[in-house]
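Architecture and fold: a report
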Amino acid sequence: MTKGVGDDRQSASAPRGQSMPVTIGFVPLLDAALLVVAREEGFAEQEGIDLTLVRENSWAAVRDKLNVGLFDAAHMLAPAAIASVLGIGHLTVPLIAPVALNLDGNAITISHGLAAQLRGELGSGTVATPALTAQVLSRLIARRAASGGPPLTIGVVFGFSSHLYQIQTWLRLGGIDPETAVRFVVIPPPLMVESLGAGLVDMFCAGAPWNRMAEAAGAGLVLHPCAEIIEECPEKLLVIRDEQAQAPWATGLVRMIARAAVWTSDEQNRALLARHLARPDYIGAPVRMIEEILSGHVATAFGETRRPWIRLDPDATKPTLARVRFVFDLMDRAGHISGGASRWHEASTLARPDLYELALHGPPSGR
Amino acid sequence: MVDDDPVRAAILEQGLREAGHGNIARLTASASLLQELAVLDPDMIIIDLANPSRDSLEQMFQISRHVPRPVAMFVDQSDSSMIEAAVEAGVSAYIVDGLKKERIKSILDMSISRFKAFSRLKSELAQARSELEERKVIDKAKAILMQRRAITEPEAYALLRRTAMNENRRILDVAQALVMTAGLLK
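Residues numbered from 1 in each chain as written. Chains lettered and ligands numbered in written order. Predicted model: local features only at pLDDT ≥ 70, side-chain atom pairs only at ≥ 80, totals over all residues. Heavy atoms only, no water.

Before going further, it helps to spend a moment on the nonpolar core. Counting 144 residues, the largest nonpolar core has Ile24, Ile82, Met203, Val239, Leu253, Met256 and Leu350 of chain A as the members making the most contacts within it. Not counting residues within four places of it along the chain, the set of residues in contact with Ile82 of chain A comprises Val324, Val327, Phe328, Met331, Ile337, Ala347 and Leu350 of chain A. Listed in part, the 20 residues of the second largest apolar core include Ala9, Ile24, Ala89 and Phe115 of chain B. (Core = buried A, V, L, I, M, F, W, Y, C linked by side-chain atoms within 4.5 Å. Buried < 20%, exposed > 50% of the residue type's maximum accessible area, 1.4 Å probe, protein only. Contact = heavy atoms within 4.5 Å.)

Below you can see the structure in the form of structure tokens.
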């Protein structure tokens, strides 16, 4: 347990009796949960932060509004944050992550048609591990190509995203070349369900709750939570612009998220958390669906897994160098880092474990 | 131009044509947007900042197999005030490498001012609508008073005003309360 998270010490930098307005942009996903908890359960207020959460439809909009200062902080895909720091695909914006928002949380969902084909190949009684399903998929892809069918189309939510890297990793387990054997398209999560239902994509990878939403709409079935493919994959970060590192609210942001993570880890708060998140101004999904995802018990197309679907616990909020390195390596493997591994030094400036430690434990001499 | 609001799109298109940027295509966010763009091969794409298709669009530029020319996104990094003005107005733009800087600036300036004019218009319209609604409620309240108390219209209005002043409320609030109560007593 992290020291200082649970205590009621007031932020040292917050001016007494005066609240600091902070605006944070987010995309409707379960991994925005700690932001919602910080606001709804009073952890932001305890830090003297008057928190406004603004829901956006696209990662591009979140990024642009953060860049020009319309947002003070943002819920952001770790790879998209690295791309901003390195100026890949868009403007160079020095961002820093003093705290992370979660680990894992994504899942692969397949169409009913593809599920039927996989079922036929798998036979009964087999444990459908990712390695096995990828091998079976490899046979299906080969057959499809031989009969002159269109390539398998896979939807992901952003070009620079763990979703893409997780699917690529899974495909390689079956000897499938993700560069040539399949086609990737980017579709925003709310449109993913329709796209699968309409047959525009054969499968997609997105964050919760969109996989279960697709099931509820009768569009497909969850095949694998991505935690089965890459364990403890860093997912969303809370990022701010580098120039704001010394802002009076910066350490308060870290503490409010750390405290929200402690609150969220308490099973007794799960039902209330689900109700907060279900609200239309946050995620807008059924309460029961959200509760089921948070329960850590995941029923899939060919079985179930007891691995947590998403990690929102205090350990998951640490913005460590190792985690950012892990994401950097995934991006590099996908050929997304122009300049390659030599740019790690630049990219490493994103991770600010020092600010995290400072916020939770105070300056080193005072420990 | 990619805009799902036909009125705003029309306002911007007119402005751009008047400024001599004649070759404009209006598209909406649809499943075939990327194919349509690939066929059009535009020099510049103006898109509503909040359009959910932007993530798809950006990936298309990254992969760029569909687009024959490399695409430099947004505006020149050095011009941060322009970027700020655009984001605040809700304009997002993608520019193909090679387009002249002065042209980019003139198109963006036009887009920003037209987007702003449109949102001003929209809020004015919303205000006019609510003013109209308010007037209707007050008229109804006056009619109720005139009927129940057998008084003239100016007397009814004076009564509303006096009540509002005495209770330190707005005439509209008093009128609304009166209309609601009358409805309950019907």
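All right, on to the state of the cysteines then. When the sulfur atoms of two cysteines share a covalent bond, that bond is a disulfide. All names here are of chain A. A full pass over the atoms with the stated rule returns zero disulfides over all chains. With no disulfide of its own, Cys226 lies closest to Cys205 among cysteine sulfurs, the gap being 3.6 Å. On the accessibility criterion, Cys226 (1% relative accessible area) is buried. (Disulfide = S-S within 2.5 Å.)

We now examine the packing of aromatic side chains. All names here are of chain A. According to the stated counting rule, one finds two aromatic pairs over all chains in the structure shown. On the basis of an interplanar angle of 55° and a centroid distance of 6.2 Å, the ring pair of Phe26 and Tyr282 is categorised as tilted. With Phe26 in strand 1 (residues 20–26) and Tyr282 in the loop between helix 11 (270–278) and helix 12 (287–294), the pair connects residues that are 256 residues apart, well separated along the chain. Classification of Tyr282 by relative accessible area gives buried; the value is 3%. (Phe/Tyr/Trp six-rings, centres within 6.5 Å; stacked < 30°, edge-to-face > 60°. Helix = DSSP H or I, 4+ residues; strand = E, 2+ residues; numbered from the N terminus.)

Now for unusual backbone geometry. Among all residues save glycine, negative phi is the norm, and among peptide bonds the norm is trans. Residue and element names in this part refer to chain A. Following Ala208, the chain continues to Pro209 via a peptide bond in cis, the omega torsion being 5°. Within the element layout of this structure, Pro209 appears in the loop between strand 9 (203–207) and helix 9 (210–216). Of note in this structure, Asp104 is not a glycine but carries a positive phi near 55°. With respect to the element layout, Asp104 can be found in strand 5 (residues 103–104). A positive phi angle, near 55°, is found at Glu232, a position not held by glycine. Mapped onto the elements of the fold, Glu232 is located in the loop between strand 10 (220–225) and strand 11 (236–241).

Angle between the axes and distance between the axes: these two values describe a pair of packed helices. All names here are of chain A. Where helix 1 (residues 33–40) meets helix 11, the axes come as close as 10 Å, and the angle between the chain directions of the two elements is 100°. If you check the angle between helix 1 and helix 11, you find them roughly perpendicular. Here helix 1 contributes Ala33, Val36, Val37 and Glu40 to the contact with helix 11, which in turn contributes Leu273, His276 and Leu277. (Axes fitted to C-alpha atoms, helices over the stretch in contact; angles between N-to-C directions. Parallel < 35°, antiparallel > 145°, perpendicular 65-115°, else oblique.)

So, about the domain arrangement of chain A. Residue and element names in this part refer to chain A. With domains assigned, chain A is organised as domain 1 (20–104 + 235–295 + 309–366) and domain 2 (106–228). When each unit is reduced to the centre of its C-alpha atoms, the spacing between domain 1 and domain 2 is 27 Å. With 29 residues of domain 1 in contact, the opposing surface of domain 2 contributes 26 residues. Of the roughly 2,300 Å² buried between domain 1 and domain 2, counting both surfaces, carbon and sulfur atoms make up 70%. For the domain 1 face of the interface with domain 2, the top three residues by lost area are Met289, Trp309 and His336, together amounting to 25%. One can count one salt bridge joining domain 1 with domain 2. (Domains from an automatic or database assignment. Buried area = accessible area lost by both parts, 1.4 Å probe. Salt bridge = Lys/Arg side-chain N within 4 Å of Asp/Glu carboxyl O.)

Residues and elements named next belong to chain A. Turning to helix 5 (residues 112–122), its buried residues are Leu114, Ala115, Leu118 and Leu122. Along the axis of helix 5, the buried positions cluster into a sector of 100°, meaning they face one direction only. Looking at the buried side of helix 5, the elements it contacts are strand 6 (106–111), helix 6 (130–146), strand 7 (152–156), strand 9 and strand 10. Downstream of helix 5 by one or two residues, Gly123 has phi in the positive range, about 75°. (Arc of directions from axis to C-beta.)

Once that is clear, we can look at the interface of chain B and chain A. By a frequent convention, interface size equals the accessible area lost on bringing the separate parts together. With 21 residues of chain B at the contact, the number on the chain A side is 25 residues. When chain B packs against chain A, the two sides together hide about 1,900 Å² of surface, and 59% of this comes from carbon and sulfur. Taken together, the connections running from chain B to chain A amount to two salt bridges. If you look at where chain B meets chain A, you find five residue pairs in polar contact (both at pLDDT 80 or more). Where the side of chain B that touches chain A is concerned, the elements lending two or more residues are helix 3 (54–63) and helix 4 (80–89) of chain B. (Polar contact = N/O pair within 3.5 Å; in protein donor to acceptor, adjacent residues only side chain to side chain.)

Residue and element names in this part refer to chain A. Pairing within the open sheet is mixed, and its five strands lie in the order 8-7-9-6-10. One side of each edge strand has no neighbouring strand; the edge strands of this open sheet are strand 8 (182–186) and strand 10. When the angles between neighbouring strand axes are averaged without regard to direction, this sheet yields 25°. Both strand 6 and strand 9 contribute to a ladder of five bridges, which runs antiparallel. When the bridges of strand 9 are listed, Ile108 appears paired with Cys205. Helix-sheet contacts for helix 5 involve strand 6, strand 7, strand 9 and strand 10, and the interaxial angle to strand 6 is about 85°. (Pairing = 2+ DSSP bridges.)

Taking 1.5 Å of rise per residue, the 49 residues of helix 5 (residues 101–149) of chain B would be expected to cover 72 Å, and the 72 Å separating its terminal C-alpha atoms lies within 8% of that figure. Directly beyond the C-terminal end of helix 5 of chain B, a positive phi value near 55° is found at Ala150 of chain B. (Expected span 1.5 Å × (residues − 1).)

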